[in-house]
Amino acid sequence: MTVCEAPGKVYLFGEHAVVYGEPAVPAAIERRATVSVEPRDDDHVRVEAEDLSLDGFTVEYSGGTGDRPDVDVPTPLVEAAMGYVDAAVEQARDAADAPDAGFDIAVESDIPLGAGLGSSAAVVVAGIDAATRALGEPLDRRELAERAYRAEYEVQDGQASRADTFCSATGGAVRVEGDDCEPIEAPNLPLVVGFDGGAGDTGELVAGVGALREEYGFAADAVESIGDLVRTGEALLADAAPGEEPPAALLAELGELMDFNHGLLSALGVSARSLDAMVWAARDAGAHGAKLTGAGGGGCIVALDASDATETALSFTQGCEEAFRAELATEGVRVVEP
Ligand SMILES: Nc1ncnc2c1ncn2[C@@H]1O[C@H](COP(=O)(O)OP(=O)(O)O)[C@@H](O)[C@H]1O
Ligand SMILES: C[C@@](O)(CCOP(=O)(O)O)CC(=O)O
Ligand SMILES: [Mg+2]
């Protein structure tokens, strides 16, 4: 049994715009997806995914094309849920040049699904890492990140960035612009996450922004403005002392950019009443800034606050199901059991 775990992430700045070649800065957080893989003697893939919102299920199907799972839930639902694991298996088979490899796979995760914390990327990164190791063909981090990106790209119908997958593979804060992916130094940011208990469909939300951008020049301008604010934000981060508590003045500047980023994402149609309510609760509580994180539509916001005020305020906010302090994960994907 080979076991790997990979972290989720929050976007400090730049989601959605990153799909169109603008830079983005996500940061990995200490919430992880753990994938256990055992190669099989046949070409079947058996997946246990107990945290999936289908209330957990077990399916078994062969590796051949056209052979779909035999389960008593609607097939499109299963396919939507299984898409990322499926794509990870395909990438691992391809990387190890083992097209008929079969696996028993178990996925466990403390990253809420579809909530903007990159559960899909964490599952794909940990899954490909564990499966290729199990086949005796481990990948280096760059290749792993690239393979994981290709898996997300496929599931999201050709609209994905390398940001989530690179961040999950590498850990820490990263900067992604097109195919240029680099780790960056960042101060120890006091991140607070609010989760509304819901989820958004990444593919649909990305497509929605794409359509707006095609239809209106000012929507395309909004995407470019996000790129501008990311460049401003990364310059601020580069000037800060790495790993240290940032001074209040820096937090105020970063927070202002996060607020601006949320406004532009909201204009692009990817916020939600619950996300706006949490963003405003955080700001009212004295957070330096707050924004939705990830694809949006529902899920999580991220705020900057070194005090307990934001976490406390969020825990009393109607529509916020869970509030927690998110610790930066300096380590990306790692092997739990070789
Ligand atoms: N614990 C898990 N087990 C199996 N699949 C998972 C798990 N967590 C996430 N996934 C996959 O990732 C999808 C959610 O990804 P996505 O919509 O991109 O949201 P996010 O990446 O923000 O969490 C799920 O529908 C599922 O396919
Ligand atoms: C909207 C997007 O920029 C981020 C999606 O993040 P998440 O899957 O919601 O965690 C899409 C992408 O970069 O692939
Ligand atoms: Mg995702």
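Predicted model only: the values in this text are computed from it and were never measured. (Residues numbered from 1 in each chain as written. Chains lettered and ligands numbered in written order. Predicted model: local features only at pLDDT ≥ 70, side-chain atom pairs only at ≥ 80, totals over all residues. Heavy atoms only, no water.)

Undergrad: Explanation requested: the site of ligand 1 in the structure shown.
TA: Looking at ligand 1, there are 19 residues lining it, with Ala81, Gly114, Gly116, Ser119 and Ser120 nearest. Interatomic distance of 2.8 Å between a backbone N/O atom of Gly114 and an oxygen atom of ligand 1. Separating an oxygen atom of ligand 1 from a side-chain N or O atom of Ser119 is a distance of 2.6 Å. Per-class residue counts for the shell around ligand 1 are 11 nonpolar, seven polar and one charged. (Near = heavy atom within 4 Å. Polar contact = N/O pair within 3.5 Å; in protein donor to acceptor, adjacent residues only side chain to side chain. Nonpolar A, V, L, I, M, F, W, Y, C, P; charged D, E, K, R; others polar.)

Undergrad: Looking at this structure, how should I read the packing of helix H5 (residues 202–215) against helix H6 (residues 217–239)?
TA: Contact pair H5 / H6: the axes reach a minimum separation of 5 Å and the direction vectors enclose 120 degrees. One way to sum up the angle between H5 and H6 is to call them oblique. The handedness of the crossing between H5 and H6 is left-handed. Of the residues in H6, those in contact with Val209, Leu212, Arg213 and Glu215 of H5 are Gly217, Ala219, Ala220 and Val223. Looking at the contact of H5 with H6 residue by residue, the class counts come to five nonpolar, one polar and two charged. (Axes fitted to C-alpha atoms, helices over the stretch in contact; angles between N-to-C directions. Helix = DSSP H or I, 4+ residues; strand = E, 2+ residues; numbered from the N terminus. Parallel < 35°, antiparallel > 145°, perpendicular 65-115°, else oblique. Left-handed = near helix turned anticlockwise from the far one by under 90°. Contact = heavy atoms within 4.5 Å.)

Undergrad: Got a minute to help me understand the UniProt feature "domain: GHMP kinase C-terminal" (unreviewed entry) in the chain in this structure?
TA: As annotated by UniProt and renumbered to match this structure, "domain: GHMP kinase C-terminal" (unreviewed entry) occupies residues 251–309. As annotated, residues 251–309 comprises 51% helix and 15% strand, and the C-alpha atoms at either end are separated by 15 Å. (UniProt positions renumbered as here; feature names shortened; annotations may be inferred.)

Undergrad: I keep staring at the domain arrangement of the chain and nothing clicks. Help me out?
TA: The extent of an interface is frequently quoted as the accessible surface area lost upon association of the parts. Domain annotation of the chain identifies domain 1 (2–184) and domain 2 (191–326). Of note, the centres of domain 1 and domain 2, computed from C-alpha atoms alone, are 24 Å apart. In this assembly, domain 1 packs against domain 2 so that about 2,600 Å² is buried in total across both faces, 67% of it on carbon and sulfur atoms. Taken together, the connections running from domain 1 to domain 2 amount to four salt bridges. When the shortest N-O distance is used, the salt bridge between Arg175 and Glu234 registers 2.5 Å. Seen at the junction of domain 1 and domain 2, the total is 14 residue pairs in polar contact (both at pLDDT 80 or more). Mapped onto the side of domain 1 that touches domain 2, the elements with two or more residues apiece are strand E1 (2–13), strand E2 (25–40) and strand E6 (173–177). (Domains from an automatic or database assignment. Buried area = accessible area lost by both parts, 1.4 Å probe. Salt bridge = Lys/Arg side-chain N within 4 Å of Asp/Glu carboxyl O.)

Undergrad: Before we go on, may I ask you to explain the environment of Ala186 in this structure?
TA: Checked against the element boundaries, Ala186 lands in the loop between strand E7 (180–184) and strand E8 (191–195). Residue classification places Ala186 among the buried positions, given a relative accessible area of 13%. With 99 residues separating them along the chain, Ala186 and Ala87 place their C-alpha atoms 32 Å apart. Once you skip the residues sitting within four places of it in the chain, Ala186 turns out to touch Ala173, Pro242 and Gly243. (Buried < 20%, exposed > 50% of the residue type's maximum accessible area, 1.4 Å probe, protein only.)

Undergrad: Any chance you could explain the sheet that holds E8 here in plain terms?
TA: Remark on secondary structure: sheet strands pair via backbone hydrogen bonds, oriented parallel or antiparallel. Strand order in the open sheet made by the four strands is E9-E10-E8-E11, with antiparallel pairing throughout. Edge strands, defined here as strands with exactly one partner in the open sheet, are strand E9 (289–292) and strand E11 (322–326). For this sheet the average axis-to-axis angle between neighbouring strands, irrespective of direction, equals 20 degrees. Bridge count for E8 against E11 is five bridges, and the pairing is antiparallel. Residue pairing for E11: Val192 is matched across the bridge by Arg325. Against the sheet, helix H7 (residues 248–267) touches E9 and strand E10 (300–304), its axis set at about 30 degrees to E9. (Pairing = 2+ DSSP bridges.)

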